[in-house]
Amino acid sequence: MDKLIIAGKEFNSRLFLGTGKFNSNDLMEKALLASGTEMVTVAMKRIDLEDKEDDMLRHIVHPHIQLLPNTSGVRNAEEAVFAAQMAREAFGTNWLKLEIHPDPRYLLPDTVETLKATEQLVKLGFVVLPYCQADPVLCKQLEEAGAATVMPLGAPIGTNRGLQTREFLQIIIEQAGIPVVVDAGIGAPSHAAEAMELGASAVLVNTAIAVAGNPVRMAVAFKNAVEAGREAYEAGLGGSTPLFEASASSPLTAFLDK
Amino acid sequence: MFSEELEKIDWDLTTSAIASKTEMDVRRALSKSHLDVDDFMALISPAAEPFLETMAQLSYKYTRERFGNTMSMFVPLYITNSCTNSCVYCGFHISNPMKRTILTEEEIVNEYRAIKKLAPFDNLLLVTGENPAKAGVPYIARALDLAKPYFANLKIEVMPLSTDEYKELTHHGMNGVICFQETYHKANYNIYHPKGMKSKFDWRVNGFDRMGQAGVHSIGMGVLIGLEKEWRTDVTMMAYHLRYLQKHYWKTKYSFNFPRMRPSENGGFQPNVVMSDRELAQLTFATRIFDHDVDISYSTRESADFRDHMAPLGVTTMSAESKTEPGGYYSYPQTLEQFHVSDERTAKEVTAALKGVGIEPVWKDWDQSFDLMKN
């Protein structure tokens with residue numbers, strides 16, 4: 001399997017994990033380790049930035065894991081830039097998952113504010129991984145603004161509905177000059193494998209593992225699915241549309257036989 | 001810049017990869033909805049020849065889905081045949097002793113008016129040789145300014161320019177550039193283009209990056225079929241180039257041209273390979289299946305019969321009633337043609353033939369106000 005490279009850093013695992021929604025920090029840590037992940041996002045709002053021994057953070061920090069603070073909770077670019085600077089100081093990393101969802105119900109990303117914040121944060125020296133709509137034009141604009149990846153959604157956060165945006169993800173992947181990480185909506189290992197087969201660089205999973213009957217085993221299942229999907233993509237998949245077989249009479253090309 | 005990408009693609013390995021494509025590779029390519037260059041190689045390979053009718057049907061389907069039952073019509077206008085290059089295959093070759101013309105402003109306007117009498121052309125392609133001293137950017141800019149009252153959409157096919165020069169011409173209403181790389185075989189390129197500015201391979205191949213950087217709306221690409229014996233390898237390089245450009249300059253629309261040389265009856269340069277109708281049809285279908293959006297342009301180099309049959313099957317832009325000598329529309333002087341026109345029908349006859357195969361010619365598909373907003 002090819003290594004994934006983001007902002008010059010190599011990753012062996014193409015599975016990114018979220019850390020919300022687990023019923024204990026111990027269980028979360030076990031799932032993280034079982035998944036083989038090397039990139040873990042954490043909401044800065046969940047961490048007590050004053051407390052160096054914060055219990056949640058203590059369970060996340062491992063030498064092989066890149067910590068990816070996220071701005072979940074902010075509602076516009078201005079708040080996001082402020083939160084990002086806080087996070088950089090508190091977590092000691094300039095990596096940032098930019099999330100701006102003013103709508104508390106579906107947590108859908110605000111396109112206008114996300115682009116604006118990306119432009120500003122890149123100038124401030126952040127490695128920005130923006131969560132965004134599966135909008136191919138937006139993704140090119142984020143790339144031009146200097147984003148390190150784009151993280152388009154498969155379906156609304158937490159819905160486990162899979163790749164509802166499949167057609168658009170395909171276009172985004174085809175056009176992208178930076179890694180494409182499918183974020184949100186991935187509810188089952190088969191969804192993760194599907195995203196990887198399409199050519200996504202990685203997937204980010206949270207709810208599907210956190211609320212599974214056995215989160216640790218589910219983490220392993222996702223690890224295997226991501227690897228299988230990537231392997232299939234690199235091996236070169238056959239097409240899926242049935243071959244349109246020509247009729248014997250060759251109506252369109254008979255003129256070439258004249 | 002694309003020259004760096006091209007360095008990484010080995011010509012000989014690509015040639016053998018195309019030759020070793022199998023029926024399975026073709027079937028896989030035909031059944032995919034998003035194809036990569038490897039699939040394109042399968043579709044242009046000899047292994048795909050038995051699938052020609054299937055490819056025609058798919059190409060027809062994708063073209064009609066994306067472009068409707070229409071054909072965008074354009075007209076080329078040669079404003080000068082003076083040229084400082086010595087391309088061994090070209091009628092405008094510097095050592096060709098024939099008289100050269102640089103149309104005056106009055107003559108250019110006469111041409112515009114004469115063209116408008118032929119048909120309601122609104123897509124104009126201004127063509128020049130390479131003569132920066134006497135027919136450089138200011139001359140082209142002036143011709144564009146003069147064209148504005150007559151044509152909605154102005155493209156140029158001239159020597160490669162700098163980014164700033166492309167930008168400057170967009171301020172004169174130019175929104176498209178056509179430039180043929182001729183061949184992507186870097187070593188052999190200089191055999192065909194031994195002297196003059198055109199001998200600089202990297203300057204030409206990176207011209208497309210400069211067009212993209214200048215924000216040109218539409219970029220036309222082409223391989224001159226007849227130079228490299230392995231034309232399949234050459235068009236594969238163009239497919240890589242297209243994918244590269246689409247990724248970097250994603251706001252631009254691209255078109256492919258496959259000008260093919262025919263054996264010359266009166267001596268002169270003889271093509272190293274002659275592409276058959278069947279092969280050009282296969283290449284056209286393969287291109288459409290590879291990329292559903294790219295424009296495919298057929299000029300009047302192609303015969304009337306072939307153009308009529310191919311019109312519904314993948315082609316999306318066509319010229320008609322073209323003259324390839326400067327001054328050819330207003331008067332009919334015995335001056336130098338760049339290449340011989342095969343389809344000599346009038347624009348009205350071409351229009352009627354297209355309608356006969358269920359295709360509606362579209363004359364205007366751009367508005368100058370889009371260009372003005374940029375300025």
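These numbers come from a predicted model, not from an experiment. (Residues numbered from 1 in each chain as written. Chains lettered and ligands numbered in written order. Predicted model: local features only at pLDDT ≥ 70, side-chain atom pairs only at ≥ 80, totals over all residues.)

(A) The arrangement of the overall build of chain B in detail. Within chain B, the regular secondary structure consists of 17 helices and 9 strands. Against the compact-globule benchmark of 21 Å for 375 residues, chain B has a radius of gyration of 20 Å, which places it among compact chains. Out of the 375 residues in chain B, the part that is buried amounts to 48%. Taking the intrachain contacts of chain B between residues at least 6 apart in sequence as the baseline, contacts between residues at least 24 apart amount to 77%. (Helix = DSSP H or I, 4+ residues; strand = E, 2+ residues; numbered from the N terminus. Rg over C-alpha atoms; globule rule 2.2 N^0.38 Å. Buried ≥ 20, exposed ≤ 12 C-beta atoms within 10 Å, placed from the backbone. Contact = placed C-beta atoms within 7 Å.)

(B) How the structure looks around the overall build of chain A. Scanning chain A for helices and strands turns up 9 helices and 10 strands. For chain A, the spread of C-alpha atoms along the principal axes amounts to about 85 × 40 × 35 Å. Per-residue burial for chain A yields a buried fraction of 45% across its 258 residues. Across chain A, every contact between residues at least 6 apart in sequence was considered, and the portion connecting residues at least 24 apart equals 62%.

(C) Main features of the interface of chain B and chain A. Of the residues lining the interface, 22 residues belong to chain B; the matching set on chain A comes to 19 residues. Where the side of chain B that touches chain A is concerned, the elements lending two or more residues are helix 3 (23-30), helix 5 (52-67), helix 13 (231-248) and helix 14 (277-290) of chain B. Top contributing element to the side of chain B that touches chain A by residue count: helix 5 of chain B, with 7 residues.

(D) A look at helix 5 (residues 136-145) of chain A. All names here are of chain A. Considered for burial, the residues of helix 5 that qualify are Pro136, Leu138, Cys139, Leu142 and Glu143. For helix 5, the angular spread of the buried residues around the axis is 155 degrees, confining them to a single face. Looking at the packing, one finds that the buried side of helix 5 touches helix 4 (111-123), strand 7 (127-132), strand 8 (151-152) and helix 6 (166-175). Remark: Gly146 follows helix 5 within two positions and exhibits a positive phi of approximately 105 degrees. (Arc of directions from axis to C-beta.)

(E) Main features of the pairing of strand 4 (residues 174-182) of chain B. All names here are of chain B. For strand 4, a buried count of 8 out of 9 residues is recorded, marking the element as mostly surrounded by other parts of the structure. Bridge count between strand 3 (residues 153-157) and strand 4: 3 bridges; the pairing is parallel. Pairing of Lys155 across the sheet is with Gly176, part of strand 4. Taken together, strand 3, helix 9 (residues 163-170) and strand 4 form a β-α-β motif whose crossover is right-handed. Note: strand 4 against strand 5 (residues 218-223), 6 bridges, orientation parallel. Counterpart to Phe180 in the pairing with strand 5 is Gly222. (Pairing = 2+ DSSP bridges. Right-handed = clockwise from strand over helix to strand, strands pointing away.)

(F) Local environment of the packing of helix 8 (residues 137-147) of chain B against helix 9 of chain B. All names here are of chain B. It is the contact of helix 8 with helix 9, at a shortest axis distance of 10 Å, that shows an interaxial angle of 20 degrees. With respect to each other, helix 8 and helix 9 are oriented roughly parallel. Remark: the crossing between helix 8 and helix 9 carries right-handed chirality. Of the residues in helix 9, those touching helix 8 at Val137, Ile140, Ala141 and Leu144 are Glu165, Glu168 and Leu169. (Axes fitted to C-alpha atoms, helices over the stretch in contact; angles between N-to-C directions. Parallel < 35°, antiparallel > 145°, perpendicular 65-115°, else oblique. Left-handed = near helix turned anticlockwise from the far one by under 90°.)

(G) Expanded view of the nonpolar core. Counting residues in hydrophobic clusters, the biggest one holds 101 residues, and the most contacted among them are Leu43(B), Ile44(B), Met55(B), Leu124(B), Leu126(B) and Ala286(B). In contact with Ile44(B), other than residues within four places in its own chain, are Ile18(B), Arg232(B), Val235(B), Gln282(B), Leu283(B) and Ala286(B). (Core = buried A, V, L, I, M, F, W, Y, C linked by C-beta atoms within 7 Å.)

(H) Quick peek at the packing of helix 4 (residues 37-44) of chain B against helix 13 of chain B. Residue and element names in this part refer to chain B. The contact between helix 4 and helix 13 brings their axes to 10 Å, and the two run at 150 degrees. Compared by their axis directions, helix 4 and helix 13 come out roughly antiparallel. As helix 4 packs across helix 13, the resulting crossing turns out to be right-handed. Contact with helix 4, carried on its side by Val37, Phe40, Met41 and Ile44, involves Arg232, Val235, Thr236, Ala239, Tyr240 and Arg243 of helix 13 and no other residues of that element. Along the lines of polarity and charge, the residues of the contact of helix 4 with helix 13 split into 7 nonpolar, 1 polar and 2 charged. (Nonpolar A, V, L, I, M, F, W, Y, C, P; charged D, E, K, R; others polar.)

(I) Spatial organisation of unusual backbone geometry. If you check the backbone angles, Leu107(A) has positive phi at about 55 degrees while not being a glycine. For Leu107(A), the position within the fold is in the loop between strand 6 (95-98) and helix 4.

(J) Local environment of the environment of Gln368(B). Residues and elements named next belong to chain B. You can see Gln368 is positioned in helix 17 (residues 368-374). Of the residues examined, Gln368 has 16 C-beta atoms within 10 Å and is grouped as partly exposed. As a C-alpha pair, Gln368 and Phe67 span 301 residues in sequence and 22 Å in three-dimensional space.

(K) Representation of the pairing of strand 6 of chain A. Residues and elements named next belong to chain A. Residues of strand 6 alternate between two faces, with Trp95 and Lys97 on one and Leu96 and Leu98 on the opposite face, all of them buried. Pairing between strand 6 and strand 7: 4 bridges, direction parallel. Within strand 7, the position partnered with Trp95 by the bridge is Val127.

(L) Molecular detail of the confidence of the model for chain B. Per-chain confidence: chain B averages 92 in pLDDT, with 96% of residues scoring 70 or above. Reported confidence for the predicted complex is 0.77 by ipTM and 0.84 by pTM. (pLDDT = per-residue confidence, 0-100.)

(M) Seen up close, the environment of Ser24(A). Following the sequence through the fold, Ser24(A) ends up in the loop between strand 3 (15-18) and helix 1 (25-35). As a C-alpha pair, Ser24(A) and Met56(A) span 32 residues in sequence and 9.0 Å in three-dimensional space.

(N) Geometry of the environment of Ala228(A). Here Ala228(A) lies in helix 9 (residues 215-235). Take Ala228(A): there are 16 C-beta atoms within 10 Å of it, and that puts it in the partly exposed class.

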